[in-house]
Each structure stands twice: as C-alpha cells, then as structure tokens.
Amino acid sequence: MSYDTNNVFAKILRGEIPCFKLFEDAHTLAFMDIMPQTEGHALVIPKEAATTLFELSDEAAAAVMRTVRKVGLAQKAALGAQGVVLMQLNGEAAGQTVPHFHVHVIPGSIADLRKPHATATGDMGQIKALAEKIAAAVQA
Ligand code: AMP
C-alpha cells in the first residue's frame, strides 16, 4: 500500500482537520478516537509517513510505544481504567480503515471490543471532556 498524503491522520498532523489532542512530541501525536469503542479510546500515530508497521522505521516504532505507554498510564490514572487494550491493524485485509500507522489505546477489556469497529461517531462533548481528563494526567 503506497502512502496516501490525503488520509485523515495526515490531515490531522498538518492541522487541516481538528482533533482532541492528548499529547504531542517531536515524533508522535496522541488524540481521541471520534468513533470510540470504549470511553477514553485514544490513538497514537507517528509523524513519519508510514501506512503499516511494515513501512515504519524502528525509531518511529519506539517513539510510538513510548507515547502509547504515557497515554495508557494517563487513562489508568484519569479514568480508573483497570485494563488497557492495544489494537493495531495492518492493511485493508486486517480491517485497517485509515492508511497511516496507528495504535489504538483502549481503556477497558477485550470484551468491550466485541462491538463493531469505526462505525458510529461518539458524543463530541463527552469525548472532549474525557480528552481533557486524560491530557491532564499525561506525564511529559
Ligand atoms: P483502523 O480501522 O484501525 O484504521 O482505525 C481507524 C480509527 O480512526 C477508527 O477507530 C476511527 O474511529 C478513527 N477515526 C477516523 N477518523 C477520525 C478522526 N477524524 N479523528 C479521530 N479518529 C478518527
């Protein structure tokens, strides 16, 4: 899959589309999923242009995992999440819908993920409030 510079996450990285930002550093951006599978569902993306894990550099992969850990810890602290599920889809055949590498950071249990993926837009007011709580708990 060649990288499509017009995908929605590339537009978020360029500031062309808004997001509920949780954390940003030189290599990564963390923000809320607007079709959440649980309350607090977040995404972490690299700034590097890569469609799947298989095109991502080792350096960007490490940076993404550092940010994933920050976001998961913040979800635990801010929301009292007992569990945090990571999900990462590679390729349309796997169900990937946005062709820019991302890790889903989902507070809750695998049982919560049985409902369909990326189908219904969530309540923006609730997502914003959750974003503020999680962002405030992210340790730099
Ligand atoms: P995947 O199916 O693994 O590619 O996941 C893509 C995720 O991006 C889905 O969970 C969508 O809900 C989410 N998503 C799509 N558009 C946006 C957007 N504009 N802001 C935040 N999340 C989005």
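Residues numbered from 1 in each chain as written. Predicted model: local features only at pLDDT ≥ 70, side-chain atom pairs only at ≥ 80, totals over all residues. Heavy atoms only, no water.

## A look at a nonpolar patch on the surface
Item 1. On the surface, M65, V84 and L86 cluster together into a nonpolar patch covering about 240 Å² of accessible area.
Item 2. Mapping M65 onto the fold places it in helix α2 (residues 58-79). (Patch = residues over 30% accessible without salt bridge, like charges linked within 9 Å, V, L, I, M, F, W, Y side chains within 5 Å. Areas by Shrake-Rupley, 256 points an atom, 1.4 Å probe, with all protein chains shown as cover. Salt bridge = Lys/Arg side-chain N within 4 Å of Asp/Glu carboxyl O. Helix = DSSP H or I, 4+ residues; strand = E, 2+ residues; numbered from the N terminus.)

## Here's the deal with the sheet that holds strand β4 (residues 84-87)
Item 1. What the five strands build is an open sheet, ordered β1-β2-β3-β5-β4; its pairing is antiparallel. Edge positions in the open sheet fall to β1 (21-24) and β4, since each of these has one partner strand only. Neighbouring strand axes in the sheet, compared pairwise and without regard to direction, differ in orientation by 20° on average.
Item 2. Here β4 pairs with strand β5 (residues 103-107) via four bridges, running antiparallel. Bridge pairing links L86 to V105 in β5. (Pairing = 2+ DSSP bridges. Axes fitted to C-alpha atoms, helices over the stretch in contact; angles between N-to-C directions.)

## Focus: the pattern of salt bridges
Item 1. All told, the structure shown has four salt bridges when counted by the stated rule.
Item 2. Note that K21 and E24 form a salt bridge whose closest N and O atoms lie 2.5 Å from each other.
Item 3. Exposure remark for K21: the relative accessible area of 45% places this residue in the partly exposed category.
Item 4. For the salt bridge of K128 with E132, the shortest nitrogen-to-oxygen distance reads 3.1 Å. Here K128 and its partner E132 are both found in helix α3 (residues 124-137), four residues apart, which amounts to about one turn of the helix.
Item 5. E132 sits in the partly exposed class, given a relative accessible area of 49%.
Item 6. Shared partners join several salt bridges into a network, and the residues in it are K21, E24 and K47. (Buried < 20%, exposed > 50% of the residue type's maximum accessible area, 1.4 Å probe, protein only.)

## Remarks on α3
Item 1. Under the 1.5 Å per step criterion, the end-to-end length of α3 is 20 Å for 14 residues, consistent within 8% with the ideal 20 Å.
Item 2. Along α3, the positions that sit buried rather than exposed are I127, L130, A131, I134 and A137. Each buried residue of α3 sits inside an arc of 130° when the element is viewed along its axis, so together they form one side.
Item 3. Those residues of α3 that are buried are in contact with β1, β2 (28-32) and α2.
Item 4. Capping the start of α3 is the job of one residue whose side-chain oxygen sits 2.9 Å from the backbone nitrogen of G125: D123. (Expected span 1.5 Å × (residues − 1). Arc of directions from axis to C-beta. Contact = heavy atoms within 4.5 Å. Polar contact = N/O pair within 3.5 Å; in protein donor to acceptor, adjacent residues only side chain to side chain.)

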